[in-house]
Amino acid sequence: MSRPTMRRQLLAAAGGLALAAAAPAFAQTGPFPNRPVKLVVPFPAGGPVDTVARTVGQKLQELWGQPVLVENRAGAGGQVGADVVAKAPADGYTVFVCSIHHTVLPALRPKLPYDIEKDFVPLTFGARFPIVLVLAPGVEAKNVAELTALAKKSPGKLAYASSGNGGGTHLAGELFDLQAGTKLLHVPYKGSAPAMADVLGGQVQMMFADAPTALPQVRGGKLRAIGVAQAQRSELFPGVPTFAEAGVPGYDAYSWAGFVAPAATPREVAAKLSADIARVLALPEVKARLHDAGAEPAPTSAEAFGQFLSAELAKWGRVVKAGNIQAD
């Protein structure tokens, strides 16, 4: 082989290697997304927030033609997962599924390693999990007004179960005390299942239960639902009045799930995530699936979700302070 021929072959080989090395970088410049997207859920698999993430993720995968993976990073009441995503690359390929816990935690734990407003960009509200006040068999009250009168007559005697200290079902009770002028006894449990078991058994008189926990018991006739703890009636409990209708004006409390991304996520990528997640949440089959799981999808604009987060932080901060609630 002549020297010029060998030189040409070496140059061609070098050029091929350069193109191969550049291929992954070139691929990343294509339309978003062009590789798997991860939804981080800060709670164990099988819970309400996880159900929302997996339902949405499945439809996003169909829409994008790319894998959408759900990763459960549970711990510290949702803190662990939030911290993981706050420190993740801000490229749109890691999305955080946050919840009511993330607007309560700042009041309970002022030294969090992240800031839910500053370290994330809002994408869209996901779904609401209505909270409904259910009474154990044997409780005399037939409605919220009668329960309020009964509670005022015997302060600290009527007890309500919750899924844990500082959670949505606990704070719903604290907010009720503040706005109805009552003093209920809080009995925290380690999860909704044991809390509901003791309400069903009559060991505790009532529970501000989220819809996924309450719905089977109410539909099965085992518990009476006397009030929905939000401003408007729930599609899941259409015959149950709101607390406002029952004489506690302005009362509004529910658990929820929403979508955020790391703060430095490119604007056009965040806009696509926001639009596509909202589009998926509006699909009839997604609405039906989430209704079956005790959730009401309610997609919003990114701006509206950001305003919601700010309002929730302020509201639950006041409730935590007024109730002198301490972190577990």
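First, a word on scope: everything that follows refers to the structure included in this document. All chains use their own residue numbering, which begins from 1 and follows the written sequence. Whole-chain, interface and lining totals are the exception, using all residues; otherwise, since this is a predicted model, local features are given only for residues with pLDDT of at least 70 and side-chain atom pairs are given and counted only at 80 or more. To obtain the side-chain values, all non-hydrogen atoms of the structure were included, while hydrogens and water were left out.

### Overview of helix α11 (residues 302–322)
Between the first and last C-alpha of α11 there are 30 Å, a value that for 21 residues agrees with the 30 Å anticipated at 1.5 Å per step. Relative accessibility under 20% of the residue-type maximum defines a buried residue, over 50% an exposed one, and the middle range a partly exposed one, all with a 1.4 Å probe and only protein chains included. Only DSSP runs of H or I covering at least 4 residues are called helices, and only runs of E covering at least 2 are called strands; the numbering of each starts at the N terminus. Taken together, the buried positions of α11 are occupied by Phe305, Gly306, Phe308, Leu309, Glu312, Leu313, Lys315, Trp316, Val319 and Val320. Of the residues trailing α11, Asn324 is marked for its positive phi of about 50 degrees. In this analysis, the expected span of each helix is defined as 1.5 Å times one less than the number of residues it contains.

### Comments concerning the pattern of salt bridges
We define a salt bridge as a side-chain nitrogen of Lys or Arg found within 4 Å of a carboxyl oxygen belonging to Asp or Glu. Applying the stated criterion across every chain yields a total of eleven salt bridges. One salt bridge in this structure joins Arg35 and Asp91, with 3.1 Å as the shortest N-O distance. Here Arg35 is found in the loop between α1 (3–27) and β1 (37–41), whereas its partner Asp91 is found in the loop between α3 (79–86) and β3 (94–99), with 56 residues between them in sequence. Relative accessible area serves as the criterion here: at 25%, Asp91 is assigned to the partly exposed category. Between Glu71 and Arg73 there is a salt bridge, with its nearest N and O atoms 3.0 Å apart. Look at Glu71 and you get partly exposed, because its relative accessible area is 23%. Among the charged side chains, a network of salt bridges with common partners joins Lys38, Glu71 and Arg73.

### Some remarks on the packing of helix α2 (residues 48–64) against helix α9 (residues 267–281)
Lines are fitted to the C-alpha atoms to define the axes, a helix being fitted only along its stretch in contact, and any angle between axes, read from their N-to-C directions, falls within 0 to 180 degrees. α9 packs onto α2 with a crossing angle of 115 degrees between their chain directions and a minimal axis gap of 9 Å. As far as their axial angle goes, α9 and α2 are roughly perpendicular. Every pair of crossing elements has a handedness; the one defined by α2 and α9 is right-handed. Contacts between α2 and α9 involve Val56, Lys59, Leu60, Leu63 and Trp64 on the former and, on the latter, Lys272, Leu273, Asp276, Ile277, Arg279, Val280 and Leu281. Roughly parallel means an angle under 35 degrees; roughly antiparallel, over 145; roughly perpendicular, 65 to 115; everything else is oblique. When the near helix sits turned anticlockwise from the far one by under a right angle, the crossing is termed left-handed; a clockwise turn instead gives a right-handed crossing. Only heavy atoms enter the contact rule, under which two residues are in contact if any of them lie within 4.5 Å.

### Description of the pairing of strand β2 (residues 68–72)
Two strands qualify as a pair provided DSSP detects at least 2 bridges between them. Taken together, the five bridges between β1 and β2 define a ladder with parallel strand orientation. Across the sheet, residue Val37 finds its bridge partner in β2, namely Val68. Crossovers are marked right-handed if the path from the first strand over the helix to the second runs clockwise, as seen with the strands pointing away from the viewer. Chirality of the crossover, the property in question, places the unit of β1, α2 and β2 among those that are right-handed.

### Focus on the packing of helix α7 (residues 192–200) against helix α8 (residues 211–219)
Contact pair α7 / α8: the axes reach a minimum separation of 10 Å and the direction vectors enclose 30 degrees. In terms of their interaxial angle, α7 and α8 are classed as roughly parallel. Considering the relative orientation of α7 and α8, their crossing is right-handed. Of the residues in α8, those touching α7 at Ser192, Met196 and Leu200 are Thr213, Ala214 and Gln217. In the scheme used here, Gly and all other residues not listed as nonpolar or charged are polar, with Ala, Val, Leu, Ile, Met, Phe, Trp, Tyr, Cys and Pro taken as nonpolar and Asp, Glu, Lys and Arg as charged. Across the contact of α7 with α8, the residue classes tally to three nonpolar, three polar and no charged.

### Let's talk about the nonpolar core
Take the buried residues of types Ala, Val, Leu, Ile, Met, Phe, Trp, Tyr and Cys, join any two whose side-chain atoms come within 4.5 Å, and each joined set is a nonpolar core. If you look at the biggest cluster of nonpolar residues, it comprises 71 residues, and the most contacted ones within it are Phe176, Phe208, Phe237, Phe243, Tyr251 and Trp256. Those residues in contact with Phe208 that sit more than four places away from it in its chain are Ile131, Val132, Leu133, Tyr160, Ala161, Thr169, Ala172, Gly173, Phe176, Leu184, Phe243 and Tyr251. Listed in part, the 30 residues of the second largest apolar core include Val52, Val97, Leu123 and Ala127.

### Let's talk about the side chain of Thr94
Take Thr94: it is sitting in strand β3. Residue class for Thr94 comes out buried when judged on its relative accessible area of 9%. Residues in contact with Thr94, not counting those within four places in the same chain, are Lys38, Val40, Val85, Ala88, Ala261 and Pro262.

Geometry only, nothing functional implied.
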